[in-house]
Number of protein chains: 2
Amino acid sequence: MDVLKQMQKLALFQGVPAEKLKALAERALYRTYKAGEMFIGETDPAHAFYVIITGQVKLYKSSPEGREQTLNLLGPGDPFGMCTAFAIESFPANAMALEESGILLIPGPVMEAIAMKEPRLLVNIIQILSDRLRESMTLIESLSLKEIPQRLASFLIHALTREGGQGMNQLELTVTQRELAKILGATPEALSRGIRKMSNAGVLAVDGRSIRILDRKALGELAEGD
Amino acid sequence: MDVLKQMQKLALFQGVPAEKLKALAERALYRTYKAGEMFIGETDPAHAFYVIITGQVKLYKSSPEGREQTLNLLGPGDPFGMCTAFAIESFPANAMALEESGILLIPGPVMEAIAMKEPRLLVNIIQILSDRLRESMTLIESLSLKEIPQRLASFLIHALTREGGQGMNQLELTVTQRELAKILGATPEALSRGIRKMSNAGVLAVDGRSIRILDRKALGELAEGD
DNA sequence: CCTTCCCGTTGATCCAGGTCAATGACGCCC
DNA sequence: GGGCGTCATTGACCTGGATCAACGGGAAGG
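Counting starts from 1 at the beginning of each chain's written sequence and moves along it residue by residue. The order in which chains are written sets their letters, starting at A; the order in which ligands are written sets their numbers, starting at 1. Whole-chain, interface and lining totals are the exception, using all residues; otherwise, since this is a predicted model, local features are given only for residues with pLDDT of at least 70 and side-chain atom pairs are given and counted only at 80 or more. Heavy atoms throughout the structure, all of them, feed into the side-chain values; hydrogens and water do not.

1. Observations regarding the interface of chain A and chain B
Part 1: Should any heavy atoms of two residues lie within 4.5 Å, those residues are considered in contact. Chain A puts 40 residues into the contact, and the matching count from chain B is 40 residues.
Part 2: For the pair chain A and chain B, the summed buried surface comes to about 3900 Å²; carbon and sulfur atoms form 77% of the total.
Part 3: Two parts lose some accessible area (1.4 Å probe) when they are put together, and adding that loss for both gives the buried area. It is A:M137, A:I140 and A:L145 that lose the most area in chain A upon contact with chain B, and together they represent 16% of the buried surface on that side.
Part 4: Salt bridge, as used here: a side-chain nitrogen of Lys or Arg that lies within 4 Å of a carboxyl oxygen of Asp or Glu. Across the chain A-chain B interface, the total number found is two salt bridges.
Part 5: The salt bridge partner of A:E141 is B:K61, with a shortest N-O separation of 3.5 Å.
Part 6: Among the secondary structure elements, those contributing two or more residues to the side of chain A that touches chain B are β4 (57-62), β5 (68-74), α3 (82-86) and α5 (119-145) of chain A. Working definition: helices are DSSP H or I runs of at least four residues, strands are E runs of at least two. Numbering for both runs from the N terminus.

2. Concerning the environment of A:M96
Residues and elements named next belong to chain A.
Part 1: Relative to the helices and strands, M96 is located in strand β7 (residues 94-97).
Part 2: Exposure classes here rest on a 1.4 Å probe applied to the protein chains alone. A residue is buried below 20% of its type maximum, exposed above 50%, and partly exposed in between. Under the relative-accessibility criterion, M96 is labelled buried at 17%.
Part 3: For the pair M96 and I40, spaced 56 residues apart in sequence, the C-alpha separation works out to 7.8 Å.

3. With respect to the pairing of strand β7 (residues 94-97) of chain B
Residues and elements named next belong to chain B.
Part 1: In β7, alternate side chains face the same way, and those of N94 and M96 on one face and A95 and A97 on the other are all buried.
Part 2: Each pair of strands is called paired provided DSSP finds at least two bridges between the two strands. Bridging between strand β2 (residues 38-40) and β7 involves two bridges; their strand directions are antiparallel. When the bridges of β7 are listed, M38 appears paired with M96.
Part 3: With four bridges connecting them, strand β4 (residues 57-62) and β7 associate as antiparallel partners. The residue bridging L59 from the neighbouring strand is A95, located in β7.

4. Quick look at the protein's contact with DNA strand C
Part 1: Here a residue counts as near a molecule or strand whenever at least one of its heavy atoms sits within 4 Å of it. Around DNA strand C sit 16 residues, and of these A:Q177, A:R178, A:R196, B:I148 and B:T187 come closest.
Part 2: Within the backbone of B:I148, an N or O atom sits 3.0 Å from a phosphate oxygen of DNA strand C.
Part 3: Put simply, the parts of the chain that give the surface near DNA strand C at least two residues each are α7 (177-184) and α8 (188-200) of chain A together with α8 (188-200) of chain B.
Part 4: Considering each element in turn, the surface near DNA strand C owes the most residues, four residues, to α8(A).
Part 5: All residues other than Ala, Val, Leu, Ile, Met, Phe, Trp, Tyr, Cys, Pro, Asp, Glu, Lys and Arg, Gly among them, are scored as polar; the first ten of these are nonpolar and the last four charged. Split by residue class, the surface near DNA strand C holds three nonpolar, five polar and eight charged. For the purposes of these results, a polar contact is taken to be a pair of N or O atoms within 3.5 Å, where, inside protein, one atom must be able to donate a hydrogen and its partner to accept one; residues adjacent in sequence count only when each atom of the pair is a side-chain atom.

5. Comments concerning the packing of helix α6 (residues 148-164) of chain B against helix α9 (residues 216-224) of chain B
All names here are of chain B.
Part 1: It is at 7 Å that the axes of α6 and α9 come closest, and there the two elements cross at 120 degrees. Classified by the interaxial angle, the pair formed by α6 and α9 is oblique. Considering how the two elements wind past one another, α6 and α9 form a crossing that is left-handed. For the pair α6 and α9, the contacting residues are P149, Q150, A153, S154, L156, I157, L160 and T161 in the first and R216, L219, G220, L222 and A223 in the second.
Part 2: Its residues assigned to classes, the contact of α6 with α9 shows eight nonpolar, four polar and one charged. Only the stretch in contact is used when a helix axis is fitted, and all axes are lines through C-alpha atoms; the angle between N-to-C directions ranges over 0 to 180 degrees. The cut-offs work like this: below 35 degrees is roughly parallel, past 145 is roughly antiparallel, 65 to 115 is roughly perpendicular, and the gaps in between are oblique. Working rule for handedness: look at the near helix, and if it is turned counterclockwise from the far one by less than a right angle, call the crossing left-handed; if clockwise, right-handed.

6. Points about the sheet that holds strand β9 (residues 170-172) of chain A
Residues and elements named next belong to chain A.
Part 1: Taken in spatial order, the three strands of this open sheet run β9-β11-β10, and their pairing is antiparallel. The sheet terminates laterally at β9 and β10 (204-207), the two strands that pair on one side only. Sheet twist, expressed as the average angle between the axes of neighbouring strands with direction ignored, equals 15 degrees.
Part 2: One ladder, built from four bridges, connects β10 with strand β11 (residues 210-213); its direction is antiparallel.

7. Section: the pairing of strand β8 (residues 101-107) of chain B
All names here are of chain B.
Part 1: Burial within β8 is extensive, with six of its seven residues counted as buried.
Part 2: Bridge count for strand β1 (residues 29-33) against β8 is five bridges, and the pairing is antiparallel. Among the inter-strand pairings, Y30 is bridged to a residue of β8, identified as L104.

8. A word on the protein's contact with DNA strand D
Part 1: Close to DNA strand D lie 16 residues; A:I148, A:T187, B:Q177, B:R178 and B:R196 are nearest.
Part 2: At 3.3 Å, a side-chain N or O of B:S192 approaches a phosphate oxygen of DNA strand D.
Part 3: Those elements that place two or more of their residues in the surface near DNA strand D are α8 of chain A together with α7 (177-184) and α8 of chain B.
Part 4: For the surface near DNA strand D, the leading source of residues is α8(B), giving four residues.

9. Let's talk about the confidence of the model for chain A
Residues and elements named next belong to chain A.
Part 1: Confidence of the predictor at the level of single residues is captured by pLDDT, which takes values from 0 to 100. A residue-level look at chain A finds 95% of positions with pLDDT of 70 or above and a mean pLDDT of 91.
Part 2: Here α3 stands out as the least confident element of chain A, with mean pLDDT 72; α7 is the most confident, with 98.
Part 3: The complex model carries a pTM of 0.95, and its ipTM stands at 0.95.

Right, here's the structure in full:
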């Protein structure tokens, strides 16, 4: 496990000189988490910077009655815990590994000390935070202004464009439909019905985790909430 | 209107040497917007950094049917448009002045050039973004997991602690109930009914824009969603 | 091979809250 | 002072989706 090699590949560290990375790598800790394992509760201090190397992690909030809302689905290369490293005292959500995952832990103060001398790293962080903020706004919009089929449609559009550019019309989910429901802010039942409605309308066809888009235009119109 | 004086007071510019601020101030533009005036649509490029000097601004999303969700309510000293200055192409929301407002505009490239040489400014931005991200997460949690009275309760708790610390049990809204409804992700009717329910329960008393908390403990329990 | 989960699906029921419509109370401008 | 637009409120109604319960199927583990 060559930590340094891994770090060099990440968008987070693009443009950061190798010796700075080395300083970080020396003080970083690599750990693996089993599927279903939680790293941080909402109240833990957790002054560290986490970077996912392998696997999949979700950030989520849960209600006292046990309902859950996924805030973010993170994969290899995605960092989190930026907030706590620089600013906020306690982590604002829960984090759970969805599969066996390898995570790099960089102590907050270490990260901060090095970043202060390396503006490029700070800018990278700003870009990532901006992106997250934009995603959050999209989620808020979905939850507040869209119904479930529309949310699914815009989720799919995003996933498609992120994955395979334009021509793509096939998609393999990285999570179960249950988890997808939590991302969309719905129950599994409601999602299932939404899917059914859309496949009846000839927009898409779902088989387990694989989704085929049959009518991309209709999907786009749904996503815009028309 | 001494722009430089104003800038020195802002959290955004704390710790930034005066000569850098001066360089920014020289290339900044001060403009006023009338109540109800929109600055940026979701699709405009708007590569600028905005800082509110006076007045009140909301960031929001709207649906084709005309429903609106307020993402952020911003007041004097609050910056926005961070995303576009560094990262994202188009602004991810709409912005509208709720009252007559004076805004400082710093062109994106200017801001970027100076920030690159001034890590402290970058760190300030990171802190503000982290904070916004945390607020967004709270809003997502509210929309997805809480009902309206609970949302109102947690909004009030936040507002109270932000305003007057602990002892405070009186609160003057800066916006109409209509606008508050858009912040909470509800209709004015639903909010009105929520308020009524809570005042029947003896938790608070509302008169126009002024709210008096009668049972802080009950309010806290509501906010936690118990 | 049989059991045991968990996942997706479907049906029945219920309710929070959105929508529509009407009313009264202010504040504003002519 | 009298119209007028906006705001808050209330009632009646409707619906999206949550909840509860039941069932089939595939994967994992005995």
